[in-house]
Amino acid sequence: MNIIPFQALACPLDGAPLRRDGATWRCAAGHSFDIASQGYINLLPVQQKRSRDPGDSKEMVAARRRFLNAGFYQPIAAAVSRAALADLRPGATASCLDAGSGEGYYLRQLAAAATESRQSLAVLGLDISKWAVLSAAKQDKRPSWVVGSNANLPVLPGSLDRVLCMFGFPVYAEFARVLKPAGLLLQVDAGPDHLRELREIIYPALKPERSAEPRPPAGFVSLSTESVGYSADIVGAAQIADLLAMTPHLYRATAEGRARAAALTALTVTVDVRLTRFGRG
């Protein structure tokens, strides 16, 4: 098989290597973490949670799954897959983490691209939402799926060739720690026109966009930036509601703004994202 689970997991309590023992992962100090019946591992200790049920809710995960599986963001996934698979050593198994993997859409697309190009990958999807990880594990059993936090990645140092951060919450010190010296961070962020048409409906006015290019984060150098832009036709109130539910705008908009979005039956939106390749500095 060319898509296999990622094995270089670390204990979230003391950072020591975890070893699998049947249906449990253990470290040398005796900390143990059971594998759920659905195949994922919860490596988010209670002391690292900021709320009782952090991350996306079950309903938000379901909305994201429906919207992404409909293919609206497939060009983004294709661009990320190309960047992730470029320049990997033929015949070697590369390791990849999606830090904030949600319900696993981008990793599933990457796995499909790797299979087509005959590239072997050891894959880890991590999200702070147990509902997202549960959904991902149900859809694809091949990767390792972990409930965990970007602030304390349960991954051994220098063990990853690629880290993906898709519209997520980057923790650059942790990303630098877990990447190999020649590893890459692939970060996708919303561009200035991303979902502009939806934002114009739900907000009284749009904030002016920042024009200055951000500096590379500490520990990294910026290698390249690629823009991905196109229009997407969202048809039906249900799909529009799914789009809104999978964005931060669901909570930022007023009740009146959400009501205006709920009244729509069709919407053409601009997709505008930036894919940045960072190397270890």
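Chemist: Which parts of the structure should I look at to understand the overall build of the protein?
Modeler: Each helix and strand in the protein was counted, giving nine helices and twelve strands. Computed over C-alpha atoms, the radius of gyration of the protein comes to 19 Å, within 12% of the 19 Å expected from 2.2 N^0.38 for 281 residues, which places it in the range of a compact globule. Principal-axis analysis of the C-alpha atoms gives the protein an extent of 55 × 40 × 35 Å. Burial statistics for the protein: of 281 residues in total, 48% are counted as buried. For the protein, contacts bridging at least 24 residues in sequence account for 72% of all contacts bridging at least 6. If you sum the accessible surface of the protein, you get close to 13700 Å²; carbon and sulfur atoms cover 53% of it.

Chemist: What should I look at first to understand the pattern of salt bridges in this one?
Modeler: Opposite charge on two side chains lets them pair, provided their charged atoms get close. For the structure on display, the rule yields eleven salt bridges. Residue D272 is joined to R274 by a salt bridge in which the shortest nitrogen-to-oxygen separation is 2.4 Å. Its relative accessible area of 9% is what places D272 among the buried residues. Several salt bridges converge on common partners, so that one network encompasses D193, R196 and E200.

Chemist: For this particular structure, what's the right way to read the packing of aromatic side chains?
Modeler: Each aromatic ring pair is described using two quantities: the centre-to-centre distance and the angle formed by the ring planes. According to the stated counting rule, one finds seven aromatic pairs in the structure shown. Here the aromatic rings of F67 and Y73 are separated by 5.5 Å at their centres, their planes lie at 85°, and the arrangement is edge-to-face. Classification of Y73 as buried rests on a relative accessible area of 4%. Pairing Y172 with F220 gives two aromatic rings, centres 6.2 Å apart and planes at 65°, and the pair type is edge-to-face. On the criterion of sequence distance, the pair formed by Y172 in helix α5 (residues 172–178) and F220 in strand β11 (residues 220–235) is long-range, its members being 48 residues apart. Y172 gets classed as partly exposed once you look at its relative accessible area, which sits at 23%. In this structure an aromatic cluster arises from ring pairing among F67, F72, Y73 and F167.

Chemist: Can you help me understand the nonpolar core in this one?
Modeler: Burial of nonpolar side chains together is a common tendency in soluble globular proteins. Ranked by internal contacts, the top residues of the largest apolar core, which has 54 residues, are Y73, I76, L121, L164 and L198. When neighbours within four sequence positions are excluded, L121 is seen to be in contact with N2, I3, I4, L85, L88, T93, A94, L110 and A114. Counting 29 residues, the second-largest nonpolar core is a separate cluster that includes F33, I35, L160 and L179.

Chemist: Teacher, can you tell me more about the environment of R89 here?
Modeler: Topologically, R89 is positioned in the loop between α2 (74–85) and β6 (93–99). Considered as a pair, R89 and S120 are 31 residues apart in the sequence and their alpha carbons are 9.8 Å apart.

Chemist: Looking at this structure, how should I read the sheet that holds strand β3 (residues 24–26)?
Modeler: Sheets are built from strands that pair by backbone hydrogen bonding, the pairs being arranged parallel or antiparallel. With respect to topology, three strands assemble into an open sheet ordered β2-β3-β4, the strand pairing being antiparallel. For this open sheet the edge positions go to β2 (19–21) and β4 (32–34), each flanked by a neighbour on one side alone. Here the strands of the sheet are splayed against their neighbours by 30° on average, with no regard to which way each runs. Here β2 pairs with β3 via three bridges, running antiparallel. Counted as the bridge partner of D21 is T24 from β3.

Cut-offs applied
- Just so you know, the residues in each chain are numbered from 1, in the order the chain's sequence is written.
- Reporting of local features is limited, given that this is a predicted model, to residues whose pLDDT is at least 70; pairs of side-chain atoms are given and counted only at 80 or more, and all residues count toward the totals for whole chains, interfaces and linings.
- As a convention, hydrogens and water are excluded, and side-chain values are obtained from all of the structure's heavy atoms.
- Segments assigned H or I by DSSP are reported as helices when at least four residues long, segments assigned E as strands when at least two residues long, and all are numbered from the N terminus.
- Here the globule rule is a power law, 2.2 Å times the number of residues to the power 0.38, and the radius of gyration is based on C-alpha atoms.
- Only protein chains enter the calculation, and the probe is 1.4 Å; a residue is then buried if its accessible area is under 20% of its type maximum, exposed if over 50%, and partly exposed in between.
- Contact between two residues is taken to exist if any of their heavy atoms lie within 4.5 Å; hydrogens are not considered.
- Areas reported as accessible are Shrake-Rupley estimates using a 1.4 Å probe. Residue values count occlusion only from the protein chains shown.
- Any carboxyl oxygen of Asp or Glu within 4 Å of a side-chain nitrogen of Lys or Arg constitutes a salt bridge here.
- Note on aromatic pairs: the rings of Phe, Tyr and Trp (six-membered ring only in Trp) are paired at centre separations within 6.5 Å, and the planes decide the class, stacked below 30 degrees, edge-to-face beyond 60, tilted for the rest.
- Buried residues of nine kinds, namely Ala, Val, Leu, Ile, Met, Phe, Trp, Tyr and Cys, make up a nonpolar core once their side-chain atoms join them within 4.5 Å.
- Between any two strands, at least two bridges found by DSSP are needed for them to pair.
- Each axis is a line fitted through C-alpha atoms, taken for helices only over the stretch in contact, and angles between the N-to-C directions span 0 to 180 degrees.

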